[in-house]
Amino acid sequence: MKTKTFFGADSTQAMRKVKQALGDEVTLLSCRRVKDGVEIVVGVDTKTESAAVYSPSPRQQLRQELDQTQRDLRHFARNTDWASERAKNPSNRKLVEFLKALDIEPRIGAALLRQIPAEESLEVQQEMLHSMLRRALRTLPVPREGVTALVGPAGAGKTSSIAKIAADFVRSGRSDDIALITTDTTRIAAEEQLRIYGNIFQIPVHAAANANEASHLIDMLSNKRYLLIDTEGVGIRDSGGLDRLQSLFAALPDMDVFLTLPADRDQHTQWEITQRFRRALPVNGIVATNLDQCVRMGALMSVLIQSRLPAVWLSDGTRIPGNLKAADSKWIISESIRLAREFKRSLPMGESVTGAHREAVA
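The rules behind these values
- Positions within a chain are numbered from 1, following the residues in the order the chain's sequence is written.
- Local features in a predicted model are, by the rule used here, given only for residues with pLDDT of at least 70; side-chain atom pairs are given and counted only at 80 or more, and totals for whole chains, interfaces and linings are based on all residues.
- Calculated side-chain values reflect all of the structure's heavy atoms, with hydrogen atoms and water omitted.
- Here the term buried applies to any residue with accessible area under 20% of the maximum for its type, exposed to any over 50%, and partly exposed to those in between, with areas from a 1.4 Å probe on protein chains only.
- Only runs of H or I of at least four residues qualify as helices and only runs of E of at least two qualify as strands under DSSP, and these elements are numbered from the N terminus.
- Two strands form a pair only when DSSP identifies at least two bridges running between them.
- Throughout, right-handed denotes a crossover for which the path from the first strand over the helix to the second runs clockwise when the strands point away from the viewer.
- Think of each axis as a best-fit line through the C-alpha atoms, taken over the contacting stretch in the case of a helix, with angles from 0 to 180 degrees between the N-to-C directions.
- Working rule for contacts: check all heavy atoms of both residues, and any pair within 4.5 Å makes them a contact.
- By the definition adopted for this analysis, an angle is roughly parallel if under 35 degrees, roughly antiparallel if over 145, roughly perpendicular if from 65 to 115, and oblique otherwise.
- By convention the crossing between two helices is left-handed if the near helix lies anticlockwise of the far one by an angle smaller than a right angle, and right-handed if it lies clockwise.
- Throughout, the ten residues Ala, Val, Leu, Ile, Met, Phe, Trp, Tyr, Cys and Pro are labelled nonpolar, Asp, Glu, Lys and Arg are labelled charged, and all others, Gly among them, are labelled polar.
- This arc is built from the directions going out from the helix axis to the C-beta atoms.
- For every residue, the predictor assigns a confidence score, pLDDT, that lies between 0 and 100.
- We call Phe, Tyr and Trp rings a pair once their centres come within 6.5 Å, taking the six-membered ring for Trp, and we label the pair stacked below 30 degrees between planes, edge-to-face above 60, and tilted otherwise.
- Charges are assigned to positions over rings by a cutoff of 6 Å between ring centre and Lys NZ or Arg CZ, combined with an angular limit of 35 degrees from the ring normal.
- To define a nonpolar core, start from buried Ala, Val, Leu, Ile, Met, Phe, Trp, Tyr and Cys residues and group those joined through side-chain atoms within 4.5 Å.

> How should I be thinking about the pairing of strand 8 (residues 256-262) in this particular structure?
Remember that side chains alternate between the two faces of the sheet whenever the strand is regular. Burial analysis of strand 8 places six of its seven residues in the buried class, which makes it a mostly covered element. Strand direction decides the pairing type here: strand 4 (residues 146-151) and strand 8, joined by four bridges, are parallel. Within strand 8, the position partnered with Val151 by the bridge is Leu259. Pairing of strand 8 with strand 9 (residues 285-289) involves five bridges; the strand directions are parallel. Counterpart to Leu259 in the pairing with strand 9 is Ile286. Where the polypeptide runs from strand 8 across helix 11 (residues 267-280) and back to strand 9, its parallel neighbour, the crossover connection is right-handed.

This is the structure in structure tokens:
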């Protein structure tokens, strides 16, 4: 493993440079203030470093082209669905355009529109739609005791989310009440990364190589009011990884299991992630990450509504502590509208901005 040093005016800028240069698969070794800002030292696996400058093979290029074709086809199908919805609901044209601007899944939008009386004024219709969205977007109060485990794909932000949650807990003056556990023995230096955060916040960090060790640690730390468990990142096609997580949680006592969901992925990918983890594990909430990377938030809103899973935390940046808030449906809707307004200025090639579209997000 090699080490690399990055500088920035603040930690957010420095972490942005890390991600731009090396991506997410790095190990945070230290973060400290220096004369002109912040210095971050990361450890880089030589395989990861070579991958950052690696040119894809012809087969990988073909795979990327096929993936892009699938995205284009889904985009075309969504536009076709919205065009059909406009034809079926001419009196609700502005509401249809509003939901399209948010990037809500068309079938969800159609279901919402069916509940809105066509004879009502536009102002009343909009208020009804906002109210239905607030009810459909469920949230869960942030836990402050017990055991919470975060699961999700690699690079989704599980470890950094745990660090943010722990930092908020410590800032509330309860550092003696919390401990961290990692069961991630697959990623290089994963334990060291969590221990660095533990040292910064002065809270204990423990590692468990299997379910028995994790169960023993939970019993040993019964004097702590709150335990946070970090787990290995598992891809949606990694059946072996999902099986390992399934075995882990089957041997552990009841706890909150939250799916760390990268909100900057497309709706299809977010839905697949949610379904795969939910079928394998007792997921009872979602931690939405990468909100600062979202062009629009309709995909996240659609997945939350379809899955009926409540959002618990929202992460909108890399700053630790910071960039983490308790989930709030009103904030999700208002942020979605703000992003839709920005998005209309840079629509994808081939999609025009109609007058109704401009009015819908004005």
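Next, the rest of the story.
> Would you take a moment to explain the sheet that holds strand 8 for this structure?
Backbone hydrogen bonds are what pair the strands of a sheet, in a parallel or an antiparallel way. Here we have eight strands laid out as an open sheet, ordered 6-5-7-4-8-9-10-11, and mixed in their pairing. Looking at the sheet topology across the chains shown, the edges are occupied by strand 6 (205-207) and strand 11 (324-326). Taken over all neighbouring pairs, the strand axes of this sheet differ in orientation by 25 degrees on average, direction set aside. Examined bridge by bridge, strand 10 (residues 311-315) and strand 11 share three bridges and lie antiparallel to one another. Note on strand 11: the bridge partner recorded for Ser315 is Leu324.

> Looking at this structure, how should I read the side chain of Ser161?
Relative to the helices and strands, Ser161 resides in helix 7 (residues 158-171). Under the relative-accessibility criterion, Ser161 is labelled buried at 1%. Not counting residues within four places of it along the chain, the set of residues in contact with Ser161 comprises Leu150, Thr260, Val287 and Thr289.

> What am I meant to see in the packing of helix 6 (residues 122-136) against helix 13 (residues 329-343) here?
The geometry of a pair of packed helices is captured by two quantities: the angle between their axes and the separation between those axes. Put simply, helix 6 and helix 13 touch, their axes get as near as 9 Å, and they point 125 degrees apart. Relative to helix 13, the element helix 6 is oriented oblique. Both helix 6 and helix 13 take part in a crossing whose hand is right-handed. Contacts between helix 6 and helix 13 involve His130, Leu133 and Arg134 from the first element and Ser329, Lys330, Ile333 and Ile337 from the second. Classifying every residue of the contact of helix 6 with helix 13 by side-chain character gives three nonpolar, two polar and two charged.

> Help me understand helix 9 (residues 211-220) in this model?
Three or four residues apart is the spacing at which side chains of an α-helix point the same way, because the helix has 3.6 residues per turn. Within the span of helix 9, buried status applies to Ala211, Ala214, Leu217 and Ile218. Taken down its axis, helix 9 places every buried residue within 125 degrees of arc, on the same side. Turned more than 90 degrees off the buried face of helix 9, the exposed positions are Asn212, His216 and Asp219. Against strand 4, strand 5 (178-182), strand 6, strand 7 (226-230) and helix 10 (239-250) lie the buried residues of helix 9.

> Would you take a moment to explain the packing of helix 4 (residues 93-102) against helix 6 for this structure?
Viewed as axis vectors pointing N to C, helix 4 and helix 6 meet at an angle of 35 degrees, and their least axial separation amounts to 10 Å. Between helix 4 and helix 6 the crossing geometry is right-handed. Along the contact surface, helix 4 presents Lys94, Leu95, Phe98 and Leu99, while helix 6 presents Leu122, Gln125, Gln126, Leu129 and His130. Of the residues that constitute the contact of helix 4 with helix 6, the class distribution is five nonpolar, three polar and one charged.

> Just checking my understanding: could you explain the confidence of the model for the chain for this structure?
Atom-level detail of predicted coordinates should not be read off regions where pLDDT is low. Taken residue by residue, the chain gives an average pLDDT of 81. The fraction at 70 or more is 77%. Predicted confidence is poor over residues 352-359, with pLDDT under 50, and the contacts of this stretch with residues over four places away or in other chains come to twelve contacts.

> Sorry, what's going on with the packing of aromatic side chains here?
When we look at a pair of aromatic rings, we describe it by the centre distance and by the angle of the planes. The full count for this structure, using the stated rule, is two aromatic pairs. Between Phe258 and Trp313 the ring centres are 6.1 Å apart and the planes differ by 75 degrees, which places this aromatic pair in the edge-to-face class. With a gap of 55 residues between them, Phe258 in strand 8 and Trp313 in strand 10 connect regions that are remote in the sequence. Among the residues examined, Trp313 registers a relative accessible area of 4% and is labelled buried. One Lys or Arg, Lys325, reaches over the ring of Trp331 and ends 4.4 Å from the middle of that ring.

> Where do I start with unusual backbone geometry in this structure?
The bulk of non-glycine residues show a negative phi, and the bulk of peptide bonds are trans. Along the chain, Ile320 connects to Pro321 via a cis peptide bond; the corresponding omega equals -5 degrees. With respect to the helices, strands and loops of the structure, Pro321 is situated in the loop between strand 10 and strand 11. We note that Gln202 has phi near 60 degrees; this positive angle belongs to a residue other than glycine. Inspection of the secondary structure puts Gln202 in the loop between helix 8 (190-201) and strand 6. Located in the positive-phi region is Asn290, a residue other than glycine, with phi close to 60 degrees.

> Sorry, what's going on with the nonpolar core here?
In summary, soluble globular proteins display a tendency toward joint burial of nonpolar side chains. In this structure, Leu129, Phe249, Met255 and Phe277 are the most contacted members of the largest nonpolar core, which totals 64 residues. Top contributing element to this core by residue count: helix 4, with six residues. Ignoring anything within four residues of it in the chain, the contact list for Phe249 reads Ala149, Val151, Thr231, Met255, Val257 and Leu281. In this structure, Leu194, Tyr197, Ile203 and Val205 belong to the second largest nonpolar core, which totals 21 residues.

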